[in-house]
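Observations on the three-dimensional arrangement
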Amino acid sequence: MKKTPVFLDSLVTDMLHLRAICPFSWRVFQFRPISCEPLIIQMNKCTDEEQIFDFIERNKAILSEKQVGCAFDMLWKLQKQKTSLLKNVEYVRDHPQFLTLHNLATNKFKLMNDDTLVNVLHITQRFAGESHDPLVEALVTEAWRRLERFDIKLLSEFSSCLADQHLYFSPLMGKIADIVHRNLETTQDLSSLSVLMVNISSLISRHFQQQLVNKTELLFDTIDSSEVNVATRIAQFLRNIKYCYQPLLEKCNNVFLSNVDQLDLDSISKIFRLYKILQFNSFEFIMMAKKKLTEMIPLCNHPASFVKLFVTLGPIAGPEEKKQLKSTLLLMSEDLTGEQALAVLRAMEDMESRNSHLIKKVTSVLHKHLDSYKPLELLKITQALTFLHFQRKEFSAKLRELLLSYLKISFIPTEVSILVYAISLLPSPHLDEVGISRIEAVLPQCNLHNLSNFATSVLRWIQYDHMYLDSITGKQLKLLQKLDHYGRQRLQHSNSLDLLWEELKSVRGNTFPESLLEETIATLQHFVDEINYINVVEIASFISNTDYLSTLLLDRIASVAVQQIEKIHPFTILAIILPFSTLNYDPPQRDEFFGTCVQHLNSYLGILDPLMLVCLGFSLATLQYFPEDLLKSIFNIEFLARLDSQLESIGGMSGAQQQIYKMLTEVLGGINCVKASVLTPYYHTVDFECILDKRKKPLPYGSHNIAWGQLPEMPWESNTEIVGSRLPPGAERIALEFLDSKSFCRNIPHMKGKSAMKKRHLEILGYRVIQISQFEWNSMALSTKDARMDYLRERIFGEVKS
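These numbers come from a predicted model, not from an experiment.

Viewed as axis vectors pointing N to C, helix α11 (residues 171-183) and helix α13 (residues 206-219) meet at an angle of 55 degrees, and their least axial separation amounts to 11 Å. Here α11 is positioned oblique relative to α13, judged by the angle of their axes. Crossing of α11 against α13: the hand is left-handed. Residues Ala177, Val180 and His181 of α11 form the contact with α13, whose own contacting residues are Phe208, Gln211 and Leu212. For the contact of α11 with α13, the per-class residue count stands at four nonpolar, two polar and no charged.

Here you go:
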């Protein structure tokens, strides 16, 4: 037997040593083919999943990590090429060879380069059937280990993988936010940055939010004008941080308008949702979308797509389109899912459509799926049905039962406040001991928004008990006191305007309880010097909604506008002027303030949204400020052609108005001597109108008296015996206006701007205006019918009872 040469023995020994030390490298050396390219080329020639699976079965023993990544990539590319109806994700996921590929990836993921690793993670999540796929967990862990070396594009892709797993608040997403923050100054890729902005938006500070907004504004002009997805993500980021930043939204809007042909139903629907939440109006986008969506009506024949069309087009559609949408939806109503039925119901609320037949069909679907809805969805159902005046005892009873069952097991403050608020909207808003104890248990953890919701709910409960049961329990009042205590405590702990505003920006000022509102205004006044060009618009909007007149805050807003006007976007001027108009207040530097605001806006008048321009003109008119350029912009043919104005329908009368009407018929000598809901030139509606001759005797109207809430064909001429607007010599036309609490500021009996302007306009039209305030009508001095009758006689005829 021949001896093995010594050098071979030595070589074998060295190789065995090498294998012992580096088994991993030995395996690669032994089994990896000399070139990956032939196998990858073969894979790229595959035209369906079966060919790829056959390829995997034949080559599983020799596939490298790069080829495994390529196989995943090919499988996903084939899925993306298919329509939604032809996608077969489940078939691919359950195929034996997909499991083989899955196992290969599990064994080789540490060898993958960064791009392949993240791409395999992305695709695995798309195919994953289990909520906790071991491969996904392994890939995420490995990516976390490599995170610092990812470039911004790869970082954005990885952040999207985490977002798909709803890991928005995870430490890993926090780490990504930190990397973005550290590298923001050198970042130039807005497409990748916009993805990251959306994904990290839940974790970042207000200061970092502003840095991202500034960076986005700087980079926006570097992207292609066709980048609809980038523009959509930027709008989504602004939505997430609740920041209606006009300059960026305008740039995004211009991208959408420039790429109308690229926008499909999904894109338009998403943009509308974002605009609605951000309260951003674009007349041009609405008109473009309306035209494009109307063309889709006959093309959408599947419930899923048609519901999306109904929800998006319905609120902006004309009468004919609305009729077509409703009739088509009625035919599909039996096939709606629970989610689709809820979407339709909310759209009907936006459309103010009370089509009883459609409501009945939709609610029958809702009733069938009621057990599957979450608390927030149940609140939306309750709000919509309340607005649409839907009443069905069986439905309300089941809804109440579900809300109460959720309340008994809920411990999250926001969820508890949602459930209590929904219960308060139902016909019988009572809470039992368990419900009250649940509220009390979460109060220490509640923010101002939660506390405001609770207070509104309890006040509804008290109002119901007082009205129908003629009683108010001590528990209700005690609960209100606790709410007040925790609200004051929350406000007093605020040590900066930024922190306070984080809570206030989600609170509706018009529903804030009185005691909390006073404390809130006091806290805002404490931080008055912190109001600047960055937050002035938000603070002004909040004050507009509160109806609370604080001269200190309004004077500061006016001062900031005058001094920092160049840093304030022109399209936000309306929001700054609105509280002055609403609350009928002139700041000390009135002319300088209004002049500066209007001058800043002048060069934009031609492109301003028509509705915004009209609202601006109206707001300034209430303040008796009439800038020439603004008036010329409104009263020209081109603008009026763009303005799609609609008269608001006139609602019914309140209880106090009905009371006054009955007494007026007695005071004036009959029903023919008083008219209600009279529409005047310039479309002011007068609560009550009467005419006195020169001897102070009431003149009767003819038989053309208008029914409540109807509009005359022509003001005055068609509904009175007196032809035209002329009166007999010496006669006078009297307008009686009942001013409820909404006509005054909440903290003092100071008349708001709209009511004051209406009085001026009616006087210009020749009326003698008598305004009856709710406070006066309901005072002790007018507590009897005789006292009220004498009061009306005195105001109308000048008679004073001796």
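Once that is clear, we can look at the packing of aromatic side chains. Evaluation of the coordinates by the stated rule reveals 18 aromatic pairs. Ring geometry for phenylalanine 571 against tyrosine 604: centres 5.7 Å apart, planes inclined by 80 degrees, an arrangement best described as edge-to-face. Taken together, the positions of phenylalanine 571 in the loop between α31 (551-563) and α32 (573-582) and tyrosine 604 in the loop between α33 (590-601) and α34 (610-622) put the pair 33 residues apart, joining distant regions of the chain. Its relative accessible area of 11% is what places phenylalanine 571 among the buried residues. Chaining the aromatic ring pairs together yields one cluster made of Phe256, Phe272, Tyr275, Phe280 and Phe285. Between the NZ or CZ atom of arginine 460 and the centre of the ring of tyrosine 421, over which it lies, the distance is 4.8 Å.

Enumeration according to the criterion identifies 36 salt bridges in this entry. Across the pair aspartate 266 and lysine 308 runs a salt bridge, and its minimum N-O distance is 2.7 Å. One end of the pair, aspartate 266, is in helix α16 (residues 265-278); the other, lysine 308, is in helix α18 (residues 303-313), and 42 residues separate them in sequence. For lysine 308, a relative accessible area of 30% translates into the label partly exposed. For glutamate 732, the salt bridge goes to lysine 696, with nearest N and O atoms at 3.4 Å. A residue pair is termed long-range when its members are at least 10 positions apart, and glutamate 732 in strand β3 (residues 732-739) and lysine 696 in the loop between β2 (685-692) and β3 qualify at 36 residues.

For the coordinates displayed, the defined rule picks out one cavity of 30 Å³ or more. Approximately 40 Å³ is the volume found for the largest cavity. What lines the largest cavity is Val420, Ile423, Ser424, Pro429, Leu431, Ser457, Val458 and Trp461.

Judged by how many residues are buried, strand β1 (residues 675-679) sits mostly within the fold: five of five residues are covered. As judged from the four bridges shared by β1 and β2, these two strands associate in the antiparallel manner. The partner of leucine 679 across the bridge, within β2, is threonine 685.

All right, on to the nonpolar core then. Counting residues in each nonpolar core, the largest one holds 154 residues, and the members touching the most others are Phe158, Ile176, Leu212, Leu238, Leu309 and Ile381. If we skip the residues at most four places from it in the chain, leucine 238 touches Val213, Tyr243, Tyr245, Leu248, Leu249 and Leu278. One finds Leu448, Phe542, Leu554 and Leu630 within the second-largest nonpolar core, a separate group that totals 56 residues.

On the surface, Phe626, Leu631 and Phe635 cluster together into a nonpolar patch covering about 350 Å² of accessible area. Within the secondary structure, phenylalanine 635 sits in the loop between α35 (628-634) and α36 (637-642).

Running from amino to carboxyl end, helix α4 (residues 49-59) crosses helix α5 (residues 65-80) at an angle of 170 degrees, the nearest separation of the two axes being 10 Å. One element, α4, and the other, α5, form an angle in the roughly antiparallel class. Together, Glu49, Ile52, Phe53 and Ile56 of α4 and Ala71, Met74, Leu75, Leu78 and Gln79 of α5 make up the contact between the two elements. Here the contact of α4 with α5 is built from residues that sort into seven nonpolar, one polar and one charged.

Helical periodicity: at 3.6 residues per turn, an α-helix aligns residues three or four positions apart in one direction. End to end, helix α40 (residues 785-797) covers 18 Å across 13 residues, agreeing with the expected 18 Å (1.5 Å per residue, within 8%). For α40, the complete set of buried residues consists of Arg788, Met789, Tyr791, Leu792, Ile796 and Phe797. Following α40 by one or two positions, glycine 798 has its phi on the positive side, about 80 degrees.

Time to look at the sheet that holds strand β4 (residues 767-773). An order of β1-β2-β3-β4 is seen for the four strands of this open sheet, with the pairing classed as mixed. Taken across any chain shown, the strands that pair with only one partner, and hence form the sheet edges, are β1 and β4. If you compare each strand with its neighbour and ignore which way they point, the axes differ by 40 degrees on average. Together, β2, β3 and β4 form the strand contacts of helix α38 (residues 753-764), whose direction differs from that of β4 by roughly 155 degrees. Each of β2, β3 and β4 is contacted by α40, which is oriented at about 155 degrees to β4, the strand it contacts most.

The rules behind these values
Residues numbered from 1 in each chain as written. Predicted model: local features only at pLDDT ≥ 70, side-chain atom pairs only at ≥ 80, totals over all residues. Heavy atoms only, no water. Axes fitted to C-alpha atoms, helices over the stretch in contact; angles between N-to-C directions. Helix = DSSP H or I, 4+ residues; strand = E, 2+ residues; numbered from the N terminus. Parallel < 35°, antiparallel > 145°, perpendicular 65-115°, else oblique. Left-handed = near helix turned anticlockwise from the far one by under 90°. Contact = heavy atoms within 4.5 Å. Nonpolar A, V, L, I, M, F, W, Y, C, P; charged D, E, K, R; others polar. Phe/Tyr/Trp six-rings, centres within 6.5 Å; stacked < 30°, edge-to-face > 60°. Buried < 20%, exposed > 50% of the residue type's maximum accessible area, 1.4 Å probe, protein only. Lys NZ or Arg CZ within 6 Å of the ring centre and 35° of its normal. Salt bridge = Lys/Arg side-chain N within 4 Å of Asp/Glu carboxyl O. 1 Å grid on protein atoms, 1.4 Å probe; cavity = no way out; pocket = protein on both sides within 12 Å on 5 of 7 lines; lining within 4 Å. Points joined across faces, edges and corners; volume = space filled by probe spheres on them. Pairing = 2+ DSSP bridges. Core = buried A, V, L, I, M, F, W, Y, C linked by side-chain atoms within 4.5 Å. Patch = residues over 30% accessible without salt bridge, like charges linked within 9 Å, V, L, I, M, F, W, Y side chains within 5 Å. Areas by Shrake-Rupley, 256 points an atom, 1.4 Å probe, with all protein chains shown as cover. Expected span 1.5 Å × (residues − 1).

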